[in-house]
Amino acid sequence: MSDHVPGPTTQTLLASPHLASGIRKATFRLMPMLIILYFVAFLDRTNVGFAEQALEMDRNITAGAYALGAGIFFIGYAIFEIPSNLLLDKFGARFWLARIAITWGIVATAFAFVNGETMFIVLRFLLGVTEAGLFPGVIMFLSQWFPNKRRVQMFALFYLAQPFSQMLGAPLSGGLISFGDQVTPWAGWQVMFFVEGMMAVVAGVAAFFFLVDSPQKAKFLSDAEKLALRQIMEHEDTVKGSDGPRGIGAALLSWKVWYFTVIYFCLQIAVYGTTFYLPQQVSSLIGQSVGWQVGLVSAIPWAVGLFACYYVGKHATSIRRRRVWGALFFLVTGSAILVSAWAGANGQSLLGIVAITVAVSAFLSVGPITWSFPTSFLTGAAAATGIGLINSLGNLGGFVAPIMRTGINESVPTDSGAWGVVSLGAFAFLAAVMMWATRFFSAKADALLEENAPAPGH
């Protein structure tokens, strides 16, 4: 009878200096490219907000058609999300993420040639189809490269693409519109769509050369670093495999997957209900038409949110912090959205900008925390399916938000559209309750986040 030799503990694996150096190298090699991809993706899906008024004047696209087009992106996104994630799992992140970026860039460029409502709506749908799988693919990719203790920090770094895309993208979009109108023979909005669409094509080509499918294929890692990463990830996968759903069908039927789908749906209503109309809301608050000045002011919330997101991601290393901070930031998001509605209705421009800034900072910070929960119990094909399901159905909040906001404003009309804004904040309060309620169920992988477990690479 042989004696059982216990394997290394989580603490031992996380304390490895080779793991720390491997994570540092992977962070510097992979994260900049992933941030660039999401930067361009977020820019291309939201720059339509800068063209709303111009499209109405130049192409007779009504507010209703704009709302449908802004939201229908997420229908195409939802339909093709899980298939795209499964194909990424089959072909590898390097090839598939590059393919996604190149094809959505081509569609984004075609917006420069929109000639009416039908073409606008069709292109928005195709943009969702071609971009489907980017975000959940990266989430799954990062969960295969980085241990749970460091995962929220990596998610937060990836999320920095959102504030970067709005902090830099807002003045870029406004500037391209002004440049196009004043210097070129084309309309400013056409120049904006064409240039920003081509940025995605270039980013996709670059991704093919910079990304690496797995630690074992990474030439920039030493053999000891590859071994350290493989050991900690296999250890975590073993824990997750004994606790979470296995296979595609089990993931689709998992109540935990559906639970976090609802939370993410609520988050996306707040995110896109704010993002799609941010230029118009800022324009109303400061009394300027959409252009360079509005672009600069619109960048302020994202600049502040960038620092908030990074700080929270770096320090959300325990399950207790993730749960408490997650619930708190959802509460702050909802409250700040309500304050911004009141400020807009009462002509309080400074308070309105501050409230929007707080809301953006809060929902940027809570996003990476939200994703840490499902990635703690999903692995393999279940991860590709579950992460895809959460993101695809959760992102339908982006479809519901503009239509709901427009519908409420038409039903209860006000000069500021305050009631439409109020409706968005209510969902953030529901998400706060659900996040706090996660204390009543747990995953075995939560033990990997004990306070005394070292955080590699710090």
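Residues numbered from 1 in each chain as written. Predicted model: local features only at pLDDT ≥ 70, side-chain atom pairs only at ≥ 80, totals over all residues. Heavy atoms only, no water.

Caption draft 1: Inspection of the overall build of the protein at higher detail. Scanning the protein from terminus to terminus reveals 21 helices and zero strands. Residues counted as buried form 60% of the 458 residues belonging to the protein. Sequence-distant contacts, at least 24 apart, represent 84% of the contacts inside the protein between residues at least 6 apart. As presented, the protein carries roughly 17400 Å² of accessible surface, and 67% of it is formed by carbon and sulfur atoms. (Helix = DSSP H or I, 4+ residues; strand = E, 2+ residues; numbered from the N terminus. Buried < 20%, exposed > 50% of the residue type's maximum accessible area, 1.4 Å probe, protein only. Contact = heavy atoms within 4.5 Å. Areas by Shrake-Rupley, 256 points an atom, 1.4 Å probe, with all protein chains shown as cover.)

Caption draft 2: Expanded view of unusual backbone geometry. Within the chain, Asn60 stands out as a residue other than glycine whose phi angle is a positive 55°. Its location among the elements puts Asn60 in the loop between α3 (48–59) and α4 (63–91).

Caption draft 3: Helix α10 (residues 169–183), seen in detail. The end-to-end C-alpha distance of α10, which contains 15 residues, comes to 20 Å, matching closely the 21 Å that a straight helix rising 1.5 Å per residue would cover. Taken together, the buried positions of α10 are occupied by Gly169, Ala170, Pro171, Ser173, Gly174, Gly175, Leu176, Ile177 and Gly180. (Expected span 1.5 Å × (residues − 1).)

Caption draft 4: Spotlight on the confidence of the model for the protein. Per-residue confidence for the protein gives a mean pLDDT of 82, with 87% of residues at or over 70. Taking the mean pLDDT of every element in the protein, the minimum, 67, falls on helix α15 (residues 278–286) and the maximum, 93, on helix α5 (residues 93–110). Throughout residues 1–5 the model reports pLDDT below 50, and contacts reaching past four residues in sequence, or to other chains, amount to zero contacts. (pLDDT = per-residue confidence, 0-100.)

Caption draft 5: Expanded view of the packing of aromatic side chains. Evaluation of the coordinates by the stated rule reveals 24 aromatic pairs. A ring pair is formed by Trp189 and Phe193, whose centres lie 6.2 Å apart and whose planes are at 80°; its orientation type is edge-to-face. With Trp189 and Phe193 both in helix α11 (residues 188–210), this residue pair falls four residues apart, about one helical turn. A residue is classified by how much of its surface remains accessible, and Trp189, at 2% relative accessible area, is buried. Three or more aromatic residues joined by ring pairs make a cluster, and in this case those are Tyr38, Phe135, Phe158, Tyr159, Tyr264 and Trp371. Just above the ring of Phe377 sits the side chain of Lys256; from NZ or CZ to the centre is 5.4 Å. The lysine or arginine in question, Arg439, covers the ring of Phe440, its NZ or CZ lying 5.2 Å from the ring centre. (Phe/Tyr/Trp six-rings, centres within 6.5 Å; stacked < 30°, edge-to-face > 60°. Lys NZ or Arg CZ within 6 Å of the ring centre and 35° of its normal.)

Caption draft 6: Expanded view of helix α19 (residues 380–394). Taking 1.5 Å of rise per residue, the 15 residues of α19 would be expected to cover 21 Å, and the 21 Å separating its terminal C-alpha atoms lies within 8% of that figure. Buried residues dominate α19, accounting for twelve of its 15 residues. All of the buried residues along α19 are Ala382, Ala383, Ala384, Thr385, Gly386, Ile387, Gly388, Leu389, Ile390, Asn391, Ser392 and Gly394.

Caption draft 7: A look at the nonpolar core. Of all hydrophobic cores here, the largest spans 125 residues; its most connected members are Leu97, Trp104 and Trp145. With 15 residues, helix α2 (residues 17–46) is the single largest residue contributor to this core. Not counting chain neighbours up to four residues away, the residues in contact with Leu97 comprise Leu34, Leu37, Leu88, Gly133, Leu134, Val138 and Leu211. Of all hydrophobic cores here, the second largest spans ten residues; its members include Ile269, Ala341, Ala359 and Ala401. (Core = buried A, V, L, I, M, F, W, Y, C linked by side-chain atoms within 4.5 Å.)

Caption draft 8: Structural detail: the packing of α4 against α19. Direction vectors running N to C along α4 and α19 enclose 160°, while the axes themselves pass 8 Å from each other. Relative to α19, the element α4 lies roughly antiparallel. Crossing of α4 over α19 shows right-handed handedness. Counting all contacts with α4, which are made through Tyr77, Ala78, Glu81, Ile82, Asn85 and Leu86, the residues of α19 involved are Ala383, Ala384, Thr385, Ile387, Gly388, Leu389, Asn391 and Ser392. In terms of residue class, the contact of α4 with α19 is built from eight nonpolar, five polar and one charged. (Axes fitted to C-alpha atoms, helices over the stretch in contact; angles between N-to-C directions. Parallel < 35°, antiparallel > 145°, perpendicular 65-115°, else oblique. Left-handed = near helix turned anticlockwise from the far one by under 90°. Nonpolar A, V, L, I, M, F, W, Y, C, P; charged D, E, K, R; others polar.)

Caption draft 9: How the structure looks around the packing of α10 against α11. Close contact between α10 and α11 brings their axes to 7 Å; oriented N to C, the two are set at 130°. What the angle tells us is that α10 and α11 run oblique. Considering the relative orientation of α10 and α11, their crossing is right-handed. Judged by residue contacts, Gly169, Leu172, Ser173, Leu176, Ile177, Gly180 and Asp181 of α10 engage Gly188, Trp189, Val191, Met192, Val195, Glu196 and Met199 from α11. Split into classes, the residues belonging to the contact of α10 with α11 amount to eight nonpolar, four polar and two charged.

Caption draft 10: Layout of the side chain of Arg322. Within the secondary structure, Arg322 sits in helix α17 (residues 319–345). Residue class for Arg322 comes out buried when judged on its relative accessible area of 1%. Among the polar contacts listed, one links the side chain of Arg322 to the backbone oxygen of Asn148, at a separation of 2.9 Å. (Polar contact = N/O pair within 3.5 Å; in protein donor to acceptor, adjacent residues only side chain to side chain.)

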